[in-house]
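Chain and residue survey
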Amino acid sequence: MYWSLTGNPLDLVALTAFLAACMVGGWGLVHAGFRLPARDRTLAGAALGLVIAIWVANLLGRWIPSPLSSWISGTIVFAGGLAAWWTADNRKLRLHMDWRAWAMWAAVAVMTFAFFRIGRGVAIFDDRKNLSMISLLAAGGPIPPPFYMNPDFLFPYHYGFQLFGAMLMRIGGLFPWSAFDLAKGILGALTVGLSVIWGRRATRSWVGAVVVGMVLLLASGSRWLLLLVPSPIVSGASRDLVMWGSAAQTAADLPHALGSAWGIEGGPPFPLPFAFVNGIFQPLVLYLQSGPVSLGLMALFLLLVLYPARSARWAWGVLAVLLALWGLAAESSFVLFGLGLVGASVLIVSRRGRRQARSQALAFLAIAAVAAIVAMLQGGTRTEAARRVLESGSAGGSGSSFAGFSFRAIPSIVSSHLGEMRLSRPGEILLAVFELGPALLLAPVAGWAALRALRRGQVLPLAFGLSTFFGFIVPIFVRYEVDRDITRLTYYALIGWLLLAAAPMAAAWRSGRLLARAAILVGGAVLVFGGIIVSGSLLTAFPRAVFSDGILPVDAAMAKAVWNRLEPGALVLDSDSWRAVALTGRLTRSAEDSSTLLESWQTLIDQPEVGRVVQSGFGYMYVDQYWWEGMPETARLSLLDECVVEVAAADDDGANGDRWLFDLRACPPG
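What comes next is a walk through the structure. (Residues numbered from 1 in each chain as written. Predicted model: local features only at pLDDT ≥ 70, side-chain atom pairs only at ≥ 80, totals over all residues. Heavy atoms only, no water.)

1. Structural notes on the sheet that holds strand β10 (residues 659-663)
Strands sit in the order β5-β8-β10-β9 across an open sheet of four strands; the sheet is mixed. The sheet is open, and its two borders are formed by β5 (572-574) and β9 (645-650), each paired with just one other strand. Mean inter-strand twist for the sheet, computed between neighbouring axes without regard to direction, equals 20°. Across three bridges, β5 lies against strand β8 (residues 620-624) in parallel orientation. Bridging from a neighbouring strand, Asp-574 pairs with Tyr-622 of β8. Along the sheet face, helix α24 (residues 553-562) touches β8, β9 and β10 and points at about 135° away from the line of β9. (Pairing = 2+ DSSP bridges. Helix = DSSP H or I, 4+ residues; strand = E, 2+ residues; numbered from the N terminus. Axes fitted to C-alpha atoms, helices over the stretch in contact; angles between N-to-C directions. Contact = heavy atoms within 4.5 Å.)

Rendered as structure tokens:
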């Protein structure tokens, strides 16, 4: 019940063919349009092919239903890549040179398997949103998608990753959870592989390349160092701290939380220690379980790898598509990079000399402007923000709190666990430094790397460097209504500083100076130690398979029977606010945003008489045994009326209870 929704083994053959077509097409584009070493072309091409396929499927999905839109997108990438290769001057190069990177592909395969198995064994980081959106998009839901818990509301969200999961689900005949876990495995492994390619270029060493990949995977903040600080100091520093979310569920205060397991649902069998996770700089091995972060980082690394190697005029179009996909996958880092690019272009154009550098900066700025316009129209956060502005005053709100920004009364470092750590209080500054970790110390090195890029007229490194400083400074002074989400900007800054410092750190290591090497070793050990501990905990999830928190085998059996079988536009009432969406591929109406349930929905759950349910717009009810037994007698009797049709049922002999899906469309409202 975990793997195949259809039970047809040919679906996996089809999925393999689809992925291969996208990857081969991407390889053709890279081979023909970019000057990359042969050892790098296959992996970069595979990642590029998937990125373009996602972007094309997002455009086609407005008019062509799934899975046809996915197949057409894969065919376009495959045909376009082969056409580009066939018309290129270098097509007669020995192709076997491109396939020498077998060791890299072996490592990517191992990482895909490992990330998939970890994801299969945990259910953390908004599984409800990921699974619901994957299921809706795979079932041919509208693009851009509405809010998954209420079709009346817009959903300003970067859904590129979930679209890829939906493509895997529909083509491969997978369940939403197996498609989600497989998507995390594929994109996470390709992202780390691309970081190794870029690390090889930055450090001029395969050892350095592997180190870059491992640092990307394991680097995090150093909250755990607070365990070495005397308790009275930690207690005093955190006395006025207001912890948020899962941290507040973990313990009443920070000193007690540091000695506790992280209070989240759906974690691995061996709990994650709170001291070794982070509210700003989460290790990627854990953070990629949220889904979208891997696709955003993959777009960034593709840009870093491909831009300097562009060799054909049409490659500018490929880069524009890559930037547009970045906007669909991670709008916050996309906007930061855009701001950095504007600043870098102004600085380079204003300098005398280096005509080629100025023309390159202006060309890059032009394709970024095209990508920004596309991002306003293609769906996601930017599109829905623009739509709301244009439709101001109309019905239809936001399913994700179209929150505004405001200035902070006191400049603060923000952690999604520890809340606002105010820079006016020395104790909280100390906590912020530990939360940020050693990556903070690399800010001067990253600044030096950006200045060097300016002197050399290199627009991309300069834009990237400027964007990281924007990402760090903005959250200090600006508050977002859903303030924990603004930590994405700080994460982008810290990751960026690590990458920008790779070349200077490699040069310092090659200098042979004992002090420099000792500092790099100690700093690196502190940087990755938390990630190593977290990885050990995550590995305990390898042997098991979970669907999601709150979804049980009996629910999976129902999904196998009813997914995408109801008419388009149907609404399903369930006592769980989102479960029926993932299981049926149809919407519900239970909330006004991701954290606020509708009072009208709660009233229906308490008193689900069929007439009232129908009058509220629902055509179906998904009922579990516990809800059935807790209903008022009048509600149970109404479900026995002859107008109610049982669509499907699943029995469970254990403690999970049975399930039923009822069709209420023939019943009168009232």
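2. A look at the packing of aromatic side chains
Per the counting criterion, the structure on display carries 28 aromatic pairs. Members of the aromatic cluster, each reached through a chain of ring pairs, are Tyr-307, Trp-316, Trp-326, Phe-337 and Phe-364. Lying over the aromatic face of Tyr-2, Arg-120 brings its terminal NZ or CZ to 5.8 Å of the ring centre. (Phe/Tyr/Trp six-rings, centres within 6.5 Å; stacked < 30°, edge-to-face > 60°. Lys NZ or Arg CZ within 6 Å of the ring centre and 35° of its normal.)

3. Quick look at the side chain of Arg-659
Examined against the element boundaries, Arg-659 turns out to sit in strand β10. A polar side-chain atom of Arg-659 sits 2.7 Å from a polar atom in the side chain of Asp-555. (Polar contact = N/O pair within 3.5 Å; in protein donor to acceptor, adjacent residues only side chain to side chain.)

4. Overview of the environment of Phe-116
Tracing the chain through its elements places Phe-116 in helix α4 (residues 102-121). For the pair Phe-116 and Lys-560, spaced 444 residues apart in sequence, the C-alpha separation works out to 22 Å. Once residues lying within four places of it in the same chain are set aside, the contact partners of Phe-116 are Tyr-2, Trp-3, Ser-178, Asp-181, Leu-182 and Gly-185.

5. Side note on helix α23 (residues 514-539)
Its 26 residues give α23 an end-to-end C-alpha distance of 36 Å, which sits within 8% of 38 Å, the value for a rise of 1.5 Å per residue. At Val-528, α23 shows its largest bend, some 35°. Here α23 has its buried residues at Val-526, Leu-527, Val-528, Gly-530, Gly-531, Val-534, Ser-535, Ser-537 and Leu-538. Packed against the buried residues of α23 are α4, α8 (206-218), α12 (284-287) and α21 (487-500). (Expected span 1.5 Å × (residues − 1). Bend = angle between axes of the 7 residues up to and from the residue. Buried < 20%, exposed > 50% of the residue type's maximum accessible area, 1.4 Å probe, protein only.)

6. Digging into the pattern of salt bridges
Applying the stated criterion to the full structure yields 16 salt bridges. The salt bridge involving Arg-408 is made with Glu-420; its shortest N-O contact spans 2.7 Å. Of this pair, Arg-408 sits in the loop between β1 (405-407) and β2 (412-415) while Glu-420 sits in strand β3 (residues 419-422), and the two are twelve residues apart along the sequence. Look at Arg-408 and you get buried, because its relative accessible area is 8%. Glu-633 is the partner of Arg-636 in a salt bridge, and the nearest nitrogen-oxygen pair spans 2.5 Å. Residue Arg-636 and its partner Glu-633 are both found in helix α29 (residues 633-639); the two are separated by three residues, about one turn of the helix. Judged by its relative accessible area of 18%, Arg-636 falls in the buried class. Residue Glu-633 is classed as partly exposed on the basis of its relative accessible area of 44%. Through salt bridges with shared partners, a single ionic network connects Arg-408, Glu-420 and Arg-479. (Salt bridge = Lys/Arg side-chain N within 4 Å of Asp/Glu carboxyl O.)

7. Quick word on helix α26 (residues 599-606)
Restricting attention to buried positions, one finds in α26 the residues Trp-601, Leu-604 and Ile-605. An end-on view of α26 places all buried positions within 100° of arc, on one side of the element. Looking at the buried side of α26, the elements it contacts are β5, β7 (596-597), α27 (610-615) and α28 (625-630). (Arc of directions from axis to C-beta.)

8. Looking at the state of the cysteines
The full count for this structure, using the stated rule, is one disulfide. Here Cys-643 connects covalently by a disulfide to Cys-667, the sulfurs 2.0 Å from one another. The chirality of the disulfide connecting Cys-643 with Cys-667 is right-handed, given an S-S dihedral of about 100°. Highlighted residues: Cys-643 in the loop between α29 and β9 and Cys-667 in the segment after β10, separated in sequence by 24 residues. (Disulfide = S-S within 2.5 Å.)

9. Digging into a positive patch on the surface
Side chains of Arg-204, Arg-351, Arg-354, Arg-455, Arg-456 and Arg-510 sit close together on the surface and give a patch of like positive charge. Assignment of secondary structure puts Arg-354 in the loop between α15 (331-350) and α16 (355-377). (Patch = residues over 30% accessible without salt bridge, like charges linked within 9 Å, V, L, I, M, F, W, Y side chains within 5 Å. Areas by Shrake-Rupley, 256 points an atom, 1.4 Å probe, with all protein chains shown as cover. Lys, Arg positive; Asp, Glu negative; His and termini not counted. Charge placed at Lys NZ, Arg CZ, Asp CG, Glu CD.)

10. A look at unusual backbone geometry
In the segment running from Ser-66 into Pro-67, the intervening peptide bond is cis, with an omega of 5°. Checked against the element boundaries, Pro-67 lands in the loop between α2 (38-60) and α3 (68-87). Residue Pro-144 is bonded to the preceding Ile-143 through a cis peptide linkage, with omega at -5°. One non-glycine residue, Arg-204, lies in the positive phi region at around 60°. The residue Arg-204 is located in the loop between α7 (176-203) and α8 in this model. For Arg-204, a relative accessible area of 69% gives the class exposed. Notably, Asn-564 is not glycine yet its phi reads approximately 60°, a positive angle. Relative to the helices and strands, Asn-564 is located in the loop between α24 and β5.

11. Some words on the side chain of Asp-127
Tracing the backbone shows Asp-127 in helix α5 (residues 127-138). Leave out the neighbours within four places in its chain, and Asp-127 touches Ser-132, Phe-180, Phe-547, Ser-548 and Trp-578.

12. Describing the packing of α7 against helix α22 (residues 502-510)
The geometry of α7 relative to α22 is characterised by a closest axis approach of 8 Å and an angle of 50° between their N-to-C directions. Considered as vectors, α7 and α22 are oriented oblique to each other. Here α7 and α22 pass one another in a crossing that is right-handed. In contact with Trp-198, Ala-202 and Thr-203 of α7, α22 contributes Ala-502, Ala-503, Ala-506 and Arg-510. Here the contact of α7 with α22 is composed, by residue class, of five nonpolar, one polar and one charged. (Parallel < 35°, antiparallel > 145°, perpendicular 65-115°, else oblique. Left-handed = near helix turned anticlockwise from the far one by under 90°. Nonpolar A, V, L, I, M, F, W, Y, C, P; charged D, E, K, R; others polar.)

13. Looking at the nonpolar core
Core analysis: the biggest nonpolar cluster contains 238 residues, and Leu-168, Trp-177, Leu-254, Leu-323, Trp-326, Phe-337 and Phe-364 have the highest contact counts within it. Looking at which element gives the most residues to this core, the answer is α7, with 15 residues. Setting aside anything within four residues of it in sequence, one finds Leu-323 in contact with Leu-303, Phe-334, Phe-337, Phe-364, Ile-367, Ala-368 and Ala-371. (Core = buried A, V, L, I, M, F, W, Y, C linked by side-chain atoms within 4.5 Å.)

14. A look at a nonpolar patch on the surface
A grouping of Val-335, Leu-339, Phe-470 and Val-474 is seen on the molecular surface, where their side chains present a nonpolar patch of about 290 Å² in accessible area. Where the nonpolar patch is concerned, the elements lending two or more residues are α15 and α20 (459-477). Note on placement: Phe-470 falls in helix α20.

15. Quick word on the pairing of β2
Across the two faces of β2 the burial is the same, with Ser-412 and Val-414 and Ile-413 and Ser-415 all buried. Hairpin connection, β2 to β3: the antiparallel pair is bridged by three residues.

16. What to know about the environment of Val-414
Structurally, Val-414 can be placed in strand β2. In contact with Val-414, not counting residues within four places along its chain, are Trp-244, Ile-280, Arg-408, Gly-419, Glu-420, Pro-475, Asp-483, Ile-486 and Thr-487.

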